[in-house]
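This is what each chain is made of:
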Amino acid sequence: MKNIVILISGSGSNMAAIVQAANQEDWQAKFNARIAAVISNKPDANGLILASAMGIETKRLNHFAFATREAFDAELMQEIDIYAPVLVVLAGFMRILTPGFVAHYTGRLVNIHPSLLPAFTGLNTHQRAIDAGCKLTGATVHLVTENLDIGPILAQTEVAILPSDTAKTLATRVQIAEHIIYPQAIAQLLAAM
Ligand code: GRF
């Protein structure tokens, strides 16, 4: 069985979309794959409740309990590696990862970013796209490399920016698009394994 581990910090809507796709499209039968666990660095992340309700094993690893970023990442790697995952999926995991962590999962660490990369890496992407007068934005699924939000692009989806948009309304529409492309991109990776 090919295991997938999903890392979250918040609401977990992308995680839920991936679990739903895995169930609906029967990834077990199709790819011999399953979502093995959801791990959050925030003990009170709402996504943990969602994941449990969907029957997925959850773990909490509070980063405040660790003296250094390296110590947290080392423990996180141990927790992840229990599942020997073929993919580690970042779904709103709001932590900068150490080079050692990224190197350990080279080629099997994926992320979704709420912009059309390489535009608007980093935070606050929607407000920055609106302020720049962009007519289009979107979301990007990419392999994670050492540099933040830069790495081989696996999938992108476009979302139009409307004159009436605020960062909040735009974020809502981008997330709806994310929930479609993220499961699709993961399914494509599994199909190629
Ligand atoms: C998404 O918009 C994703 O692009 C960004 O963080 C957000 C996570 O949302 N990396 P959710 O926790 O999946 O609802």
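Cut-offs applied
Residues numbered from 1 in each chain as written. Predicted model: local features only at pLDDT ≥ 70, side-chain atom pairs only at ≥ 80, totals over all residues. Heavy atoms only, no water. Phe/Tyr/Trp six-rings, centres within 6.5 Å; stacked < 30°, edge-to-face > 60°. Helix = DSSP H or I, 4+ residues; strand = E, 2+ residues; numbered from the N terminus. Buried < 20%, exposed > 50% of the residue type's maximum accessible area, 1.4 Å probe, protein only. Lys NZ or Arg CZ within 6 Å of the ring centre and 35° of its normal. Pairing = 2+ DSSP bridges. Axes fitted to C-alpha atoms, helices over the stretch in contact; angles between N-to-C directions. Contact = heavy atoms within 4.5 Å. Near = heavy atom within 4 Å. Polar contact = N/O pair within 3.5 Å; in protein donor to acceptor, adjacent residues only side chain to side chain. Nonpolar A, V, L, I, M, F, W, Y, C, P; charged D, E, K, R; others polar.

(A) Structural detail: the packing of aromatic side chains. With the rule as written, the count across this model stands at three aromatic pairs. Here W27 and F31 contribute two aromatic rings whose centre-to-centre distance is 6.3 Å and whose plane-to-plane angle is 65°, an arrangement assigned as edge-to-face. Of the two residues, W27 and F31 both sit in helix α2 (residues 27–31), four residues apart, roughly one turn of that helix. Like F31, W27 is buried. Judged by centre distance (5.6 Å) and plane angle (70°), the rings of F66 and F72 are edge-to-face. Judged by its relative accessible area of 1%, F72 is buried. Over the aromatic face of F72 sits the side chain of R95, whose NZ or CZ is 4.9 Å from the ring centroid.

(B) Inspection of the sheet that holds strand β6 (residues 136–143) at higher detail. Overall, mixed pairing links the seven strands, which are arranged β3-β2-β1-β4-β5-β6-β7 in an open sheet. Each edge of the open sheet is held by one strand with a lone partner, namely β3 (57–60) and β7 (153–160). Strand-to-strand, the axes of this sheet are offset by a mean angle of 20°, without reference to chain direction. Where strand β4 (residues 87–90) lies against strand β5 (residues 109–113), three bridges are found, and the strand directions are parallel. When the sheet's bridge partners are listed, L90 is paired in β5 with N111. Relative to β3, helix α3 (residues 46–53) is tilted by about 155°, and along the sheet it contacts β1 (2–8), β2 (33–40) and β3. Each of β1, β2, β4, β5, β6 and β7 is contacted by helix α7 (residues 167–191), which is oriented at about 155° to β7, the strand it contacts most.

(C) Region of the structure containing the side chain of S40. Residue placement: S40 occurs in strand β2. Residue S40 is classed as buried on the basis of its relative accessible area, which comes to 1%. Apart from residues lying up to four places away in sequence, S40 is in contact with I8, S9, A45, L48, K59, R60 and L61.

(D) Local environment of the site of the ligand. Around the ligand lies a shell formed by S11, G12, S13, N14, G92, I112, H113, P114, Q175 and E178. Side-chain polar atom of S11 to an oxygen atom of the ligand: 2.6 Å apart, as the coordinates give it. Between the ligand and S13, the relevant distance is 2.5 Å, taken from an oxygen atom to a side-chain nitrogen or oxygen of the residue. Contributions of two or more residues to the shell around the ligand are made by α1 (13–24), β5 and α7. Class assignment for the residues of the shell around the ligand results in two nonpolar, seven polar and one charged.

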